[in-house]
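Listed below, chain by chain, are the residues.
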Amino acid sequence: MQQPLGSQDAAAEVSVVIPLYNEEGNVRPLYEELVRALAGLGRPWEVCFVDDGSRDGTWDQLLDVAGDDSRVILVRFSRNFGQTTALAAGIRSTTGRIIVTLDGDLQNNPADIPRLLDVLERGYDVVHGRRQRRQDSFWTRRLPSLAANWLIRRVTGTEVRDLGCALRVMRRELAERLELIGEMHRFIPVMADSLGALSVEIDVQHRPRSSGRTKYGLGRTFRVLRDLAVLASLSRGRRTPMSRFSGSAVASGLLGIGLMFCGIVGIAGSAAARTAFLLAGEIAWFSSVAMWNLGLLAEHLVRGSGWEKNALPLYRIVAPGSESVRSAVSPQISPMDSGRSAAPPAVIPFLQAKTAHSPSFQKSPESQSACMGTRP
Ligand code: UDP
Ligand code: MG
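Below, the structure is looked at part by part.

Reading guide: rules and limits
Residues numbered from 1 in each chain as written. Chains lettered and ligands numbered in written order. Predicted model: local features only at pLDDT ≥ 70, side-chain atom pairs only at ≥ 80, totals over all residues. Heavy atoms only, no water. Axes fitted to C-alpha atoms, helices over the stretch in contact; angles between N-to-C directions. Helix = DSSP H or I, 4+ residues; strand = E, 2+ residues; numbered from the N terminus. Parallel < 35°, antiparallel > 145°, perpendicular 65-115°, else oblique. Left-handed = near helix turned anticlockwise from the far one by under 90°. Nonpolar A, V, L, I, M, F, W, Y, C, P; charged D, E, K, R; others polar. Donors = N, O, S within 2.8 Å, 3.2 Å for Na, K, Ca; no water. Buried < 20%, exposed > 50% of the residue type's maximum accessible area, 1.4 Å probe, protein only. Near = heavy atom within 4 Å. Polar contact = N/O pair within 3.5 Å; in protein donor to acceptor, adjacent residues only side chain to side chain. Areas by Shrake-Rupley, 256 points an atom, 1.4 Å probe, with all protein chains shown as cover. Contact = heavy atoms within 4.5 Å. Phe/Tyr/Trp six-rings, centres within 6.5 Å; stacked < 30°, edge-to-face > 60°. Salt bridge = Lys/Arg side-chain N within 4 Å of Asp/Glu carboxyl O. Core = buried A, V, L, I, M, F, W, Y, C linked by side-chain atoms within 4.5 Å.

Focus on the packing of helix 9 (residues 241–265) against helix 10 (residues 271–305)
- It is the contact of helix 9 with helix 10, at a shortest axis distance of 7 Å, that shows an interaxial angle of 165 degrees. If you check the angle between helix 9 and helix 10, you find them roughly antiparallel. Here helix 9 and helix 10 pass one another in a crossing that is left-handed.
- By residue class, the composition of the contact of helix 9 with helix 10 is 22 nonpolar, ten polar and three charged.

A short note on the coordination of the magnesium ion (ligand 2)
- Only Asp 105 (OD) and Gln 107 (OE1) from the protein reach the magnesium ion (ligand 2) as donors, at distances of 1.9 to 2.2 Å.
- Overall, the relative accessible area of 8% leaves Gln 107 in the buried class.

Here we look at the site of ligand 1
- The environment of ligand 1 is formed by 18 residues, the closest being Glu 23, Asp 52, Asp 105, Thr 214 and Lys 215.
- At 2.8 Å, a backbone N or O of Tyr 21 approaches an oxygen atom of ligand 1.
- Here a nitrogen atom of ligand 1 sits 2.6 Å away from a polar atom, N or O, in the side chain of Asp 52.
- For ligand 1, whose accessible area on its own is 530 Å², the fraction buried by protein is 95%.

A closer look at the packing of helix 1 (residues 24–39) against helix 2 (residues 58–68)
- The geometry of helix 1 relative to helix 2 is characterised by a closest axis approach of 7 Å and an angle of 20 degrees between their N-to-C directions. The angle between the axes of helix 1 and helix 2 places the two elements in the roughly parallel class. The handedness of the crossing between helix 1 and helix 2 comes out as right-handed. The residues of helix 2 that touch helix 1, namely those facing Glu 24, Val 27, Arg 28 and Tyr 31, are Thr 58, Gln 61, Leu 62, Asp 64, Val 65 and Asp 68.
- Across the contact of helix 1 with helix 2, the residue classes tally to four nonpolar, two polar and four charged.

Points about the packing of aromatic side chains
- Taken as a whole and assessed by the stated rule, the structure comprises two aromatic pairs.
- Plain terms: the ring middles of Phe 77 and Phe 81 are 5.2 Å apart, the flat faces sit at 75 degrees to each other, and that makes the pair edge-to-face. Each member of the pair Phe 77 and Phe 81 is classed as buried.
- On the basis of an interplanar angle of 85 degrees and a centroid distance of 5.1 Å, the ring pair of Phe 138 and Trp 139 is categorised as edge-to-face.

Digging into the pattern of salt bridges
- In this structure the tally under the stated criterion is 21 salt bridges.
- In this structure, Arg 172 engages Glu 176 in a salt bridge whose closest nitrogen and oxygen atoms are separated by 2.6 Å.
- When its relative accessible area of 3% is taken as the criterion, Arg 172 is described as buried.
- Taken together, the shared-partner salt bridges connect Glu 13, Arg 43, Arg 97 and Glu 121 into one network.

Some remarks on the nonpolar core
- Counting 36 residues, the largest nonpolar core has Val 16, Ile 18, Leu 34 and Phe 49 as the members making the most contacts within it.
- Within the residue set of this core, elements represented by two or more residues are strand 1 (14–20), helix 1, strand 2 (45–51), helix 2, strand 3 (72–77), strand 4 (98–101), helix 4 (113–120) and strand 7 (199–204).
- Here this core takes six residues from helix 1, the largest share from any one element.
- Excluding its chain neighbours within four sequence positions, the residues that come into contact with Val 16 are Leu 34, Leu 38, Glu 46, Val 47, Cys 48, Val 100 and Leu 102.
- Membership of the second largest hydrophobic core comes to 27 residues, among which are Ala 88, Met 170, Leu 180 and Ile 188.

See below:
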């Protein structure tokens, strides 16, 4: 087996993360294409395959390729947790300063990776792939996707046109701050924008699936719409929830006072009309109090959760009088740091069968359940 630039001693600079669910026929060809594509990079790399609870021979295939190559890291979920969770686990299980993500079904072409990396080095935080001549069925995949992309662009203001392309490269500072929960991998460009990342989208190849089946059908259109609604509402009022409630609370309160005043001074003649004004005024007044208290409660929740500690955008430190500019996350608040030291999350019981560059890795059953959680 070809020995690396990314040799066992060199820390990987580029970490490729690939989620796999029932992709047994794709593992070996994908691995070989990756090795060919990354051979000329000139920097050490590693690839993390995350088996998302496959029920076919994917895991055996992965063990087979990992046994040959110390640059391969394997992570295994005990059941199917979904592509987003698999991506999150892969990112945590690697160490490179640059993260590359792509699908494990060979629809993305690993040969595009060096070009994306070159563009990233021009100063971007993330380079998204845009699939040229997408090789999926028009009615069930491309058309819904066109509509969803259009809607997401309208609602979120992102300029990325192909939100469904999994092939992208990004800096670790960014990758570790993405909130990869639920099925949010489709909104990575939007999350990156909201963190202030410098992003660009470039054309990449797309190929038909040659083995295995897609894991998504038309049902995902509904889930995309649901996630979009959640994301749009979160991004508007998340940092200061009170600001979302206070306007309506004050307006409703003023309306209530106005209506009650009309009822008391008798702007409307009949007793029934006065009662109606008073009643409507009370409802508006109580709604106002309820909204105000909801805002306070949300404010308590946000502050108590410590979420705002990670709410700083990505930023760059420019040393005065020096040319050097670097992307930075403050050490105190870096999720990268907290991720390293924190205990593995109980909800993601992924098995990590092998750490990077572990020459002693054996394909024995014991080694397959080596440890739980993130890489030290
Ligand atoms: N995938 C995964 N977990 C899932 C669904 C999909 O890890 O629950 C992986 C899948 O094996 C593939 C990638 O995510 O590597 C994209 O999935 P798929 O090709 O089915 O999506 P499509 O290209 O059809 O949108
Ligand atoms: Mg695919």
